[in-house]
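Letter by letter, the chains look like this.
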Amino acid sequence: MSDDKERRQPRHDPSRRKFLKGVGVAGAGAALADHLLASDVGEIASKVPAPGEPVSGEVNVALDLNGEKRNVMVEPRTTLLSAMRDRLEPALTGPKLVCDAGTCGACTVIMDGKPVYSCLVLAIDAGGKKLTTVEGLGSPENMSDVQKAFVDRDALMCGFCTPGFVTTVSAYLKSNPHPTLAQVREACKGNFCRCGTYPRVFEAALGAAKSG
């Protein structure tokens, strides 16, 4: 009985026509893949510079930094922070490289009136924007109100995060000249101080607001 059932079950036995059709499709696919691969290789080869030809992926970017036009040659992937610290001559080293991930605020600059993390902004995207770093806010001989307040209130310890705080507070006081303590704390939440000088930082911000 079981032998009869096994005999009645159809077996997979493709016809010669189906087999040749399958081979034809596979062959056409392989030929198409070879053609595409060859065209890609040819296209890539056509882009390879000739021996002795200079290879450069850099572009010239004009930055409006602290009221001065500065030209810098950078790769498209270069951040604004890296362009200022590593590519400019003389360099702007006020913005600090710390986390390089937009979490600490040490690299804060003012771009078109708003504080931004320069480690997250591409240099090519900053072209044509008005940029201000801590160097552009004042000098040791002629400090801004915020810089004076930070010195008077001793709002720094190691000083590494201070430029970012000064820049952030300066931008905020432009939009809100008379903030409350809660508002200052909220404005500074994107800046991180490992030394824990937050109370003095907040005092300095409020002091600069009153003197302004």
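Conventions used here
Residues numbered from 1 in each chain as written. Predicted model: local features only at pLDDT ≥ 70, side-chain atom pairs only at ≥ 80, totals over all residues. Heavy atoms only, no water. Core = buried A, V, L, I, M, F, W, Y, C linked by side-chain atoms within 4.5 Å. Buried < 20%, exposed > 50% of the residue type's maximum accessible area, 1.4 Å probe, protein only. Helix = DSSP H or I, 4+ residues; strand = E, 2+ residues; numbered from the N terminus. Contact = heavy atoms within 4.5 Å. pLDDT = per-residue confidence, 0-100. Axes fitted to C-alpha atoms, helices over the stretch in contact; angles between N-to-C directions. Parallel < 35°, antiparallel > 145°, perpendicular 65-115°, else oblique. Left-handed = near helix turned anticlockwise from the far one by under 90°. Nonpolar A, V, L, I, M, F, W, Y, C, P; charged D, E, K, R; others polar. Pairing = 2+ DSSP bridges. Phe/Tyr/Trp six-rings, centres within 6.5 Å; stacked < 30°, edge-to-face > 60°. Lys NZ or Arg CZ within 6 Å of the ring centre and 35° of its normal. Salt bridge = Lys/Arg side-chain N within 4 Å of Asp/Glu carboxyl O. Disulfide = S-S within 2.5 Å.

Regarding the nonpolar core
Reasoning step 1: Core analysis: the biggest nonpolar cluster contains 20 residues, and Val146, Phe150, Phe165, Val169, Leu173, Cys188 and Val201 have the highest contact counts within it.
Reasoning step 2: Elements with a minimum of two residues in this core: α5 (145-152), α6 (162-175) and α8 (198-211).
Reasoning step 3: The element that contributes the greatest number of residues to this core is α8, accounting for six residues.
Reasoning step 4: Ignoring sequence-local partners within four residues, the contact set of Val169 consists of Val146, Phe150, Cys188 and Ala205.
Reasoning step 5: Leu65, Leu80, Met84 and Leu88 belong to the second largest nonpolar core, which has 17 residues in total.

Quick word on the confidence of the model for the chain
Reasoning step 1: Averaged over every residue, the pLDDT of the chain is 83; the share at 70 or more is 74%.
Reasoning step 2: A low-confidence stretch, residues 28-33 stays under pLDDT 50, and its non-local contacts, those more than four residues away or across chains, total zero contacts.
Reasoning step 3: Scored below 50 in pLDDT, residues 35-49 shows one contact in the model against residues more than four places distant or in partner chains.

What about the packing of α5 against α8?
Reasoning step 1: Interaxial distance between α5 and α8 falls to 8 Å at its minimum, and their mutual angle equals 135°. Relative to α8, the element α5 is oriented oblique. Where α5 crosses over α8, the two elements pack in a sense that is right-handed. Residues Asp145, Val146, Ala149 and Phe150 of α5 lie in contact with α8, whose contacting residues are Val201, Ala204, Ala208 and Ser211.
Reasoning step 2: In terms of residue class, the contact of α5 with α8 is built from six nonpolar, one polar and one charged.

Focus on the pairing of strand β2 (residues 68-74)
Reasoning step 1: As paired elements, strand β1 (residues 59-65) and β2 share seven bridges and run antiparallel to each other. Along β2, the bridge assignment pairs Leu63 with Arg70.
Reasoning step 2: The antiparallel hairpin formed by β1 and β2 contains two residues in its connecting segment, where Asn66 sits at a positive phi of about 55°.

Details of the packing of aromatic side chains
Reasoning step 1: In this structure the tally under the stated criterion is two aromatic pairs.
Reasoning step 2: The structure contains a cluster of three or more aromatic residues connected by ring pairs, namely Phe165, Tyr198 and Phe202.
Reasoning step 3: The ring of Phe160 carries the charged tip of Lys96 above its face, separated from the ring centre by 5.9 Å.

Comments concerning the pattern of salt bridges
Reasoning step 1: One pass over the full model with this rule turns up five salt bridges.
Reasoning step 2: The residue Glu75 makes a salt bridge to Arg77 at a minimum N-O spacing of 2.7 Å.

Comments concerning the state of the cysteines
Reasoning step 1: Inspection of the entire model under this criterion finds zero disulfides.
Reasoning step 2: Free cysteine: Cys104, not disulfide-bonded; nearest cysteine sulfur from Cys99 at 3.6 Å.
Reasoning step 3: There is no disulfide at Cys107, and the cysteine sulfur nearest it, in Cys119, is 3.8 Å away.

Considering the sheet that holds β2
Reasoning step 1: The strand order β2-β1-β5-β3-β4 describes an open sheet built from five strands, whose pairing is mixed. Two strands in the sheet have a free side with no partner beyond their single neighbour: β2 and β4 (114-117). The average angle at which neighbouring strand axes cross in this sheet is 45°, direction not considered.
Reasoning step 2: In the packing of helix α3 (residues 80-87) onto the sheet, contacts are made with β1, β2, β3 (108-111) and β5 (130-132), and the angle to β2 comes to roughly 95°.
Reasoning step 3: Helix-sheet contacts for α6 involve β3, β4 and β5, and the interaxial angle to β3 is about 30°.

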